[in-house]
Amino acid sequence: MEVLVRDNNVEQALRALKKKLQREGVFREMKMRRAFEKPCEKRKRESAESGRRVRKLMRKRLERDGF
């Protein structure tokens with residue numbers, strides 16, 4: 001991952017880097033790896049995430065198509 005520093009503005013570059021890392025899910029990954037997650041908990045979490053993604057997609061389709 002690369003962030004350009006323009007006009008020696010390091011603060012702005014740090015904000016851009018944090019935003020990119022957040023978008024990629026690096027912070028969430030680090031938080032989850034702090035402690036061991038049992039396989040059954042992992043399956044449950046991934047299933048819930050999948051359901052949330054599907055519901056969000058359906059909501060967006062409903063708004064776009066209108067039915």
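Located above this text is the structure these notes cover.
Bear in mind the structure is a predicted one, so any value in this text is a computation, not a measurement.

Procedures and definitions
Residues numbered from 1 in each chain as written. Predicted model: local features only at pLDDT ≥ 70, side-chain atom pairs only at ≥ 80, totals over all residues. Heavy atoms only, no water. Helix = DSSP H or I, 4+ residues; strand = E, 2+ residues; numbered from the N terminus. Rg over C-alpha atoms; globule rule 2.2 N^0.38 Å. Buried < 20%, exposed > 50% of the residue type's maximum accessible area, 1.4 Å probe, protein only. Areas by Shrake-Rupley, 256 points an atom, 1.4 Å probe, with all protein chains shown as cover. Salt bridge = Lys/Arg side-chain N within 4 Å of Asp/Glu carboxyl O. Patch = residues over 30% accessible without salt bridge, like charges linked within 9 Å, V, L, I, M, F, W, Y side chains within 5 Å.

Caption draft 1: Region of interest: the overall build of the chain. Within the chain, the regular secondary structure consists of three helices and zero strands. In sequence order, the chain lays out its α and β elements as α-α-α. For the chain, the C-alpha radius of gyration of 18 Å lies well beyond 11 Å, the compact-globule estimate for 67 residues. The proportion of buried residues among the 67 residues of the chain is 3%. For the chain, the accessible surface area stands at approximately 6900 Å², while carbon and sulfur atoms represent 52% of it.

Caption draft 2: Local environment of the pattern of salt bridges. Summed over the entire model, instances satisfying the criterion amount to four salt bridges. The shortest N-O distance in the salt bridge between R33 and E29 comes to 2.6 Å. R64 is paired through a salt bridge with D65; the nearest N and O atoms lie 3.3 Å apart. The class for R64 is exposed, based on a relative accessible area of 62%.

Caption draft 3: Looking closely at the environment of E46. Within the secondary structure layout, E46 lies in helix 3 (residues 39-65). A residue is classified by how much of its surface remains accessible, and E46, at 39% relative accessible area, is partly exposed.

Caption draft 4: View of a nonpolar patch on the surface. Taken together, the side chains of V5, V10 and L14 present a nonpolar region at the surface, about 250 Å² in accessible area. By the element assignment, L14 lies in helix 1 (residues 10-24).

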